[in-house]
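Observations on chain architecture
Here is how the chains run, residue by residue.
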Amino acid sequence: DAGITQSPRHKVTETGTPVTLRCHQTENHRYMYWYRQDPGHGLRLIHYSYGVKDTDKGEVSDGYSVSRSKTEDFLLTLESATSSQTSVYFCAISESSTSGSINEQFFGPGTRLTVL
Amino acid sequence: GENVEQHPSTLSVQEGDSAVIKCTYSDSASNYFPWYKQELGKRPQLIIDIRSNVGEKKDQRIAVTLNKTAKHFSLHITETQPEDSAVYFCGPDNDMRFGAGTRLTVKP
């Protein structure tokens, strides 16, 4: 597996509390992504980053914010968690190809978040 | 909007049979077509990919074929084995959209 870790791996929290998930890579890849995975929906992009301090929204960004202050770390924050945010969250990294198109993504082990 | 559709959503085959999963995309600018495999409780991992300048790529028992005119690409698994049982995802496309996944079950 590529050098990509996520913390925590499991978290149970209550509605209305803030939650921050961390993704850490040792590959020096430019791109980092946060996905959520729910039954019947596959992987849906929340936010992604194309460099330090450069981020953009994905398909399901409402209720989430991100920050990338260093190449190796990409944080996902739920400002006020809701039960609908109960999910498995995957971080992924990739490097751009020479043609500038997207390339293989390497996924972290995932974080299972439960919001009660 | 742009989307990625994957069919079938579930597929059950007998060991040794072939399996085919199809992915249809709408973004004509897409030029990279990957397939990921996710075993139960594990992370997705790339198993094969193809770029738009080729029509087919093969790696042992798995192959991917691309029809850019019709905007679809397919995953082919031959001589299926129980360890092929997993969820398979196509994508992402240029908008980072994956297909919803196909749960493949290979019965011994």
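Structure's up top.
Now for a look at the structure at hand. (Residues numbered from 1 in each chain as written. Chains lettered and ligands numbered in written order. Predicted model: local features only at pLDDT ≥ 70, side-chain atom pairs only at ≥ 80, totals over all residues. Heavy atoms only, no water.)

Right, let's talk about the nonpolar core for a bit. Residues and elements named next belong to chain B. Core analysis: the largest hydrophobic core is formed by 22 residues, its most contacted members being Trp-35, Phe-73, Leu-75, Ile-77, Tyr-88 and Leu-104. Those elements that provide at least two residues to this core are β2 (10-14), β3 (19-25), β4 (32-38), β5 (45-51), β7 (62-67), β8 (72-77), β9 (86-90) and β10 (102-107). When residues of this core are assigned to their parent elements, the largest contribution, 4 residues, is made by β3. If near-sequence neighbours (up to four positions away) are discounted, Leu-104 is found in contact with Leu-11, Val-13, Ala-19, Ile-77, Asp-84, Ser-85, Ala-86 and Tyr-88. (Core = buried A, V, L, I, M, F, W, Y, C linked by side-chain atoms within 4.5 Å. Buried < 20%, exposed > 50% of the residue type's maximum accessible area, 1.4 Å probe, protein only. Helix = DSSP H or I, 4+ residues; strand = E, 2+ residues; numbered from the N terminus. Contact = heavy atoms within 4.5 Å.)

Here we come to the pairing of strand β3 (residues 19-25) of chain A. Residue and element names in this part refer to chain A. Side chains of β3 alternate between two faces, with Val-19, Leu-21, Cys-23 and Gln-25 buried and Thr-20, Arg-22 and His-24 left unburied. Two elements, strand β1 (residues 4-7) and β3, share 4 bridges in a ladder whose sense is antiparallel. Counterpart to Gln-6 in the pairing with β3 is Cys-23. Where β3 and strand β8 (residues 73-78) come together, 6 bridges link them in antiparallel fashion. Opposite Val-19, over in β8, you have Leu-78 as the bridge partner. (Pairing = 2+ DSSP bridges.)

Turning next to the environment of A:Gly51. When you line up the elements, A:Gly51 lands in strand β5 (residues 42-51). If we skip the residues at most four places from it in the chain, A:Gly51 touches A:Arg30 and A:Arg68.

The next thing to look at is the state of the cysteines. Residue and element names in this part refer to chain A. For the structure shown, the criterion picks out 2 disulfides over all chains. The disulfide partner of Cys-23 is Cys-91, and the gap between their sulfur atoms is 1.9 Å. Residues Cys-23 and Cys-91 share a disulfide whose torsion about the S-S bond is about -70°; that sign makes it left-handed. Within this pair, whereas Cys-23 is found in strand β3, its partner Cys-91 is found in strand β9 (residues 87-94), the two being separated by 68 residues in sequence. Residues Cys-23 and Cys-91 agree in their burial class; the two are buried. (Disulfide = S-S within 2.5 Å.)

Take the environment of A:Thr26 next. Along the chain, the position of A:Thr26 falls in the loop between β3 and β4 (31-38). For the pair formed by A:Thr26 and A:Ser96, sequence separation is 70 residues and the distance between their alpha carbons is 16 Å.

Attention shifts here to the interface of chain B and chain A. Taken together, the contacts link 20 residues of chain B with 21 residues of chain A. When residues of chain B are sorted by the area they lose upon contact with chain A, B:Arg43, B:Met96 and B:Phe98 head the list and together hold 38% of the total. Our count for the chain B to chain A interface comes out at 1 salt bridge. Residue A:Glu59 is joined to B:Arg97 by a salt bridge in which the shortest nitrogen-to-oxygen separation is 3.2 Å. Joining chain B to chain A, the criterion identifies 6 residue pairs in polar contact (both at pLDDT 80 or more). (Buried area = accessible area lost by both parts, 1.4 Å probe. Salt bridge = Lys/Arg side-chain N within 4 Å of Asp/Glu carboxyl O. Polar contact = N/O pair within 3.5 Å; in protein donor to acceptor, adjacent residues only side chain to side chain.)

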